[in-house]
Amino acid sequence: MSSQTSVPFHTAIVPAAGLGTRFLPVTKSVPKELLPVLDTPGIELVAAEAAEAGADRMVVVTSPDKGSVVEHFRSNPELETTLEERGKDELLRKVRRAPGLIRAETAIQEKALGLGHAVGCAEEHLDESDGAVAVLLPDDLVHPDGEDEPTVLTRMAEVRARYGGSVLCAFDVPPERTASYGVFEVSDTDDPGVKRVHGMVEKPHPSEAPSNLAAAGRYLLDHRIFEALRRIEPGAGGELQLTDAVALLIAEGHPVHVVVHRGARHDLGNPGGFLKAAVDFALSDSEYGSELREWLRWRLERN
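Residues numbered from 1 in each chain as written. Predicted model: local features only at pLDDT ≥ 70, side-chain atom pairs only at ≥ 80, totals over all residues. Heavy atoms only, no water.

- The protein appears in an unreviewed UniProt entry as UTP--glucose-1-phosphate uridylyltransferase from Actinopolyspora mortivallis.
- For the protein, the Sequence similarities (unreviewed entry) comment in UniProt is given as "Belongs to the UDPGP type 2 family." (UniProt positions renumbered as here; feature names shortened; annotations may be inferred.)

Next comes the structure, spelled out in structure tokens:
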């Protein structure tokens, strides 16, 4: 398939096959992606970001026993009728939001063999219109730089339209934390918020890090990524790494850029990060924010 940089992407791939072990025991029965940030599942927040950037379809790559993740995006006529009859208009709006956001479908990953493998599992769901696909990691919530600013994925689509190729998201990390991330080797463009990528180093020592720009969980990938995934070798544990496929494309002259994200970011992959996200969202909520702010002041004064 040829690259189609003039055609907006319309498919988002969301890898969600993990066991959620850091959230046990709740994830014995509830997929981590459905845990609520305030009152909205994390997967719905990610879907809203994808839809705002232009996606109309979301392929959730999941294990065979996690079908409830996609079911969240199905209509529930009986519940909707009950809410409507009782005049619960705001609750009805919330219930209808996810099904109205995006068309969701499932790709099954029988065995977890790395992020690259997960992305590859979605290939059979794509067609000729998918010149590029977005990949959004549901553990990452990436907020716009400002209240009236576009989402980072929207910005990434603009960068692909200008430069072609593939576009990733990066954020600044302190030098002492580079050993926890994949770090980009970059050069400047005429846009200070966009860098050309020449390579990537996984978890480098601070003295060996090529920059302080680390990978976040957002990718806008040319369809050539799937051919590259078929050519890379598995790494430790037999896993296929998405970054290895991106590195192969770079080595072969495929343009790759990063958008440097300066806004807020939450890690939903662990309970501590999840709690921070919930507090952040609650403080901005018109119903809960004021009371929570006062309670937090009172609680912190007791320490």
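1. Focus: helix H1 (residues 42-52)
- Of all 11 residues in H1, 9 are buried, a share of seventy percent or more.
- Within the sequence span of H1, burial applies to Gly42, Ile43, Glu44, Leu45, Val46, Ala47, Ala48, Glu49 and Ala50. (Buried < 20%, exposed > 50% of the residue type's maximum accessible area, 1.4 Å probe, protein only. Helix = DSSP H or I, 4+ residues; strand = E, 2+ residues; numbered from the N terminus.)

2. As for the packing of helix H3 (residues 77-85) against helix H4 (residues 89-101)
- H4 packs onto H3 with a crossing angle of 160° between their chain directions and a minimal axis gap of 9 Å. The orientation of H3 relative to H4 falls into the category roughly antiparallel. Note on packing geometry: the crossing formed by H3 with H4 is left-handed. Residues Leu79, Glu80, Leu83 and Glu84 of H3 form the contact with H4, whose own contacting residues are Leu91, Leu92, Val95 and Arg96.
- Taken together, the residues of the contact of H3 with H4 break down into 5 nonpolar, no polar and 3 charged. (Axes fitted to C-alpha atoms, helices over the stretch in contact; angles between N-to-C directions. Parallel < 35°, antiparallel > 145°, perpendicular 65-115°, else oblique. Left-handed = near helix turned anticlockwise from the far one by under 90°. Contact = heavy atoms within 4.5 Å. Nonpolar A, V, L, I, M, F, W, Y, C, P; charged D, E, K, R; others polar.)

3. Digging into the environment of histidine 125
- In this structure, histidine 125 sits in the loop between helix H5 (115-121) and strand S6 (132-136).
- For histidine 125, a relative accessible area of 18% translates into the label buried.
- For the pair histidine 125 and valine 30, spaced 95 residues apart in sequence, the C-alpha separation works out to 26 Å.
- Apart from the residues within four sequence positions on either side, histidine 125 is in contact with Arg57, Val59, Glu105, Thr106 and Ala107.

4. Topic: the nonpolar core
- Ranked by size, the top nonpolar core spans 45 residues in total, and within it Phe9, Met58, Phe73 and Met156 carry the most contacts.
- Top contributing element to this core by residue count: H1, with 5 residues.
- Apart from the residues lying within four places of it in its own chain, the contact partners of methionine 58 are Ala12, Val14, Ile43, Ala47, Phe73, Ile102, Arg103, Ala104 and Glu105.
- In this structure, Ala118, Ala228, Ile250 and Val258 belong to the second largest nonpolar core, which totals 33 residues. (Core = buried A, V, L, I, M, F, W, Y, C linked by side-chain atoms within 4.5 Å.)

5. Focus on the pairing of strand S12 (residues 256-260)
- Among the 5 residues in S12, 5 count as buried, and that is most of the element.
- Pairing of strand S8 (residues 166-172) with S12 involves 5 bridges; the strand directions are parallel. Bridging across to S12, alanine 170 finds its partner in valine 260.
- Here strand S10 (residues 194-202) runs beside S12; their pairing, made up of 3 bridges, is antiparallel. Opposite lysine 195, over in S12, you have valine 258 as the bridge partner. (Pairing = 2+ DSSP bridges.)

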